[in-house]
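# Structure at a glance
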Amino acid sequence: MSTQRRTLIERRTTLSPAEVLSAGKQFFTRRNSIYALFIEQEGSEYVSLRGQGGEELVLSARASEGGTDVTGGTYMFDAQLSRFFSTLPQMPEATP
């Protein structure tokens, strides 16, 4: 049994689900490095990518009231996932 822990990041953004997934595919597949990922599966609300050693990164985007809920999970690509999430525009803070 693996003792590694999965990195899971969640955020709300002003982008549509399609825009989030498109940005994610561009971000993770257009890098020429040992961290490049390749699309394995995709649907209207998710994309699953794999790295050279079979490592997986999953990104999902679901429309919610006033924005999009985005979730990303990985065992190995935590720094890259965090970097991608930092590029997403956040929802504005609600004022009372």
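Residues numbered from 1 in each chain as written. Predicted model: local features only at pLDDT ≥ 70, side-chain atom pairs only at ≥ 80, totals over all residues. Heavy atoms only, no water.

### A word on helix α2 (residues 78–86)
Regarding α2, the residues found buried are Q80, L81, F84 and F85. Each buried residue of α2 sits inside an arc of 135 degrees when the element is viewed along its axis, so together they form one side. The secondary structure elements touched by the buried residues of α2 are β1 (7–13), α1 (17–29), β4 (56–64) and β5 (67–74). (Buried < 20%, exposed > 50% of the residue type's maximum accessible area, 1.4 Å probe, protein only. Helix = DSSP H or I, 4+ residues; strand = E, 2+ residues; numbered from the N terminus. Arc of directions from axis to C-beta. Contact = heavy atoms within 4.5 Å.)

### Remarks on the sheet that holds β1
With antiparallel pairing, the five strands of this open sheet are ordered in space as β1-β5-β4-β3-β2. Across the chains shown, the open sheet's two edge strands, defined by having one partner strand only, are β1 and β2 (38–42). Averaged over all pairs of adjacent strands, the angle between their axes in this sheet comes to 20 degrees, without regard to strand direction. Pairing of β2 with strand β3 (residues 46–50) involves four bridges; the strand directions are antiparallel. Counted as the bridge partner of E42 is V47 from β3. Here α1 sits on the sheet in contact with β1, β2, β3, β4 and β5, set at roughly 160 degrees to β4. Each of β1, β4 and β5 is contacted by α2, which is oriented at about 5 degrees to β1, the strand it contacts most. (Pairing = 2+ DSSP bridges. Axes fitted to C-alpha atoms, helices over the stretch in contact; angles between N-to-C directions.)

### With respect to the packing of aromatic side chains
Scanning the entire structure with this criterion turns up four aromatic pairs. Taking 5.5 Å as the distance between ring centres and 55 degrees as the angle between the ring planes, the aromatic pair formed by F27 and F84 counts as tilted. Here F84 lies in helix α2 and F27 lies in helix α1, a separation of 57 residues in the sequence. Under the relative-accessibility criterion, F27 is labelled buried at 14%. (Phe/Tyr/Trp six-rings, centres within 6.5 Å; stacked < 30°, edge-to-face > 60°.)

### Observations regarding the side chain of T13
Tracing the sequence through the fold places T13 in strand β1. Side-chain polar atoms of T13 contact the backbone oxygen of P89, separated by 2.4 Å. Excluding residues that lie within four positions of it along the chain, T13 makes contacts with V20, G67, T68, V70, L88, P89 and M91. (Polar contact = N/O pair within 3.5 Å; in protein donor to acceptor, adjacent residues only side chain to side chain.)

### Some details on the side chain of Q80
Mapped onto the elements, Q80 comes out in helix α2. Contact partners of Q80, with chain neighbours within four places excluded, come to F27, F28 and Y35.

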